[in-house]
Amino acid sequence: CKKEIDQTEDKQKELQHKVEGQDAHIEDDEGSIDTLKSEIKALVAGIKDLDKSVAEATEQRKSEHEEYVKTAADDNAALDLLEFAKNRLNKFYNPK
């Protein structure tokens, strides 16, 4: 009977030790979870900032493109006008 009591006490101590070890793992894992949550929050904030920057850059590129298209059209119109003037002057100074 005493032998059974000793075996039961030994098993109880062994199980108690395992439970304590598991509790330590749980605490470590909870700390890791908290760290990961804060890292996720920081990454989400970074993504939002990046999305905002991308939207601003896209808007800037659109306005710059519109300005470029207008400038290119103006340049082409000026070239056409210069070509027309050149032809007129050529006809005036070099009549056939």
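Because the structure is predicted, anything quoted here is derived from the model rather than measured. Note on numbering: residues in each chain are counted from 1, in written sequence order. The predicted origin of the model limits local features to residues at a pLDDT of at least 70 and limits the giving and counting of side-chain atom pairs to 80 or more, whereas totals for whole chains, interfaces and linings rest on all residues. The side-chain figures draw on all heavy atoms in the structure; neither hydrogens nor water molecules are used.

A. Seen up close, the overall build of the protein. Secondary structure elements are taken from DSSP: a helix is a run of H or I of four residues or more, a strand is a run of E of two residues or more, and numbering for both begins at the N terminus. In terms of regular secondary structure, the protein is built from 1 helix and 0 strands. Radius of gyration (C-alpha) of the protein: 41 Å, far over the 12 Å computed for a compact globule of 96 residues. Each residue is placed in one exposure class: buried if its accessible area under a 1.4 Å probe, protein chains only, is under 20% of its type's maximum, exposed if it is over 50%, and partly exposed if it falls in between. With 96 residues in all, the protein has 0% of them scored as buried. Each accessible area is a Shrake-Rupley result for a 1.4 Å probe, and residues are judged covered by the shown protein chains and nothing else. Split by element, the accessible area of the protein, about 9,300 Å² in all, is 57% carbon and sulfur. As defined in this context, the radius of gyration uses C-alpha atoms, and a globule is described by 2.2 Å times the residue total to the power 0.38.

B. Main features of the packing of aromatic side chains. Stacked, edge-to-face and tilted labels apply to pairs of Phe, Tyr and Trp rings (six-membered ring for Trp) whose centres lie within 6.5 Å, assigned for plane angles under 30 degrees, over 60, and everything in between, in that order. Per the stated rule, a full pass over the model turns up 1 aromatic pair. Taking 5.0 Å as the distance between ring centres and 85° as the angle between the ring planes, the aromatic pair formed by F92 and Y93 counts as edge-to-face. Each member of the pair, F92 as well as Y93, is classed as exposed.

C. Molecular detail of a nonpolar patch on the surface. Only residues whose relative accessible area exceeds 30% and that take part in no salt bridge are eligible for patches, with like-charged residues grouped when within 9 Å of each other and nonpolar side chains (Val, Leu, Ile, Met, Phe, Trp, Tyr) grouped when within 5 Å. Salt bridge, as applied in this entry: a Lys or Arg side-chain nitrogen positioned within 4 Å of an Asp or Glu carboxyl oxygen. A cluster of nonpolar side chains, contributed by L36, I40 and V44, occupies part of the molecular surface with about 260 Å² of accessible area. Of note, I40 is situated in helix α1 (residues 2–93).

D. A look at the pattern of salt bridges. As enumerated under the stated definition, the model contains 2 salt bridges in all. Where K18 meets E14, a salt bridge forms, and the shortest distance between an N and an O atom there is 3.9 Å. Of this pair, K18 and E14 both sit in helix α1, separated by 4 residues, roughly a single helical turn. By relative accessible area, E14 is classed as partly exposed at 47%.

These figures come from the coordinates and say nothing about function on their own.
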